[in-house]
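One-letter residues, chain by chain:
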Amino acid sequence: MVALLILAMSFLPYLHDFEIFKGMEGFSGFSSLRVGIWVVSLFIVGLTGWIFAFLNARGKSYRLAMFAPIFMLFFQLNIYLWDARNTTTNEFTTKVLYNLGFALVLIAYYFINKSRNK
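Below or above, wherever it landed, is the structure these notes cover.

Cut-offs applied
Residues numbered from 1 in each chain as written. Predicted model: local features only at pLDDT ≥ 70, side-chain atom pairs only at ≥ 80, totals over all residues. Heavy atoms only, no water. Patch = residues over 30% accessible without salt bridge, like charges linked within 9 Å, V, L, I, M, F, W, Y side chains within 5 Å. Areas by Shrake-Rupley, 256 points an atom, 1.4 Å probe, with all protein chains shown as cover. Salt bridge = Lys/Arg side-chain N within 4 Å of Asp/Glu carboxyl O. Helix = DSSP H or I, 4+ residues; strand = E, 2+ residues; numbered from the N terminus. Buried < 20%, exposed > 50% of the residue type's maximum accessible area, 1.4 Å probe, protein only.

What follows is about a nonpolar patch on the surface. Nonpolar side chains collect at one region of the surface, where M1, L4, L7, F11 and Y14 lie side by side and expose about 660 Å² of accessible area between them. If you trace the backbone, L4 turns up in helix α1 (residues 2-11).

What follows concerns the pattern of salt bridges. Within this structure, the stated rule accounts for two salt bridges. The salt bridge partner of D17 is R34, with a shortest N-O separation of 3.2 Å. Taken together, the positions of D17 in the loop between α1 and α2 (33-56) and R34 in helix α2 put the pair 17 residues apart, joining distant regions of the chain. Here D17 falls in the partly exposed class, since its relative accessible area comes to 40%. Its salt-bridge partner being K22, residue E19 comes within 3.0 Å of it at the nearest N-O pair. Look at E19 and you get exposed, because its relative accessible area is 58%. Looking at K22, the relative accessible area reads 39%, which means it is partly exposed.

The following block contains the structure:
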């Protein structure tokens, strides 16, 4: 079942090439449906890869740091899906501040958890 899921995910970025999507109007501010499907599917594939890496890193010291790219990809994917590209949420400084804040929370959690386990 997992192998079929991985195979299906590998074809996701090519979904936009189906004839039925050609000429259709876009969603969430994308110029066409094909562009929207392509961008969203690339983010889903990247997010899935990081989630699989996170699940396979059980017991490793760097596992917690994998939440940072997962959060960043999920954050940007939500900007695309909710059509928030023209808002302040999609500005560079806002994204950097959110991501730095999340990274600081992860670092604090790591050190608090490490001091409790001593």
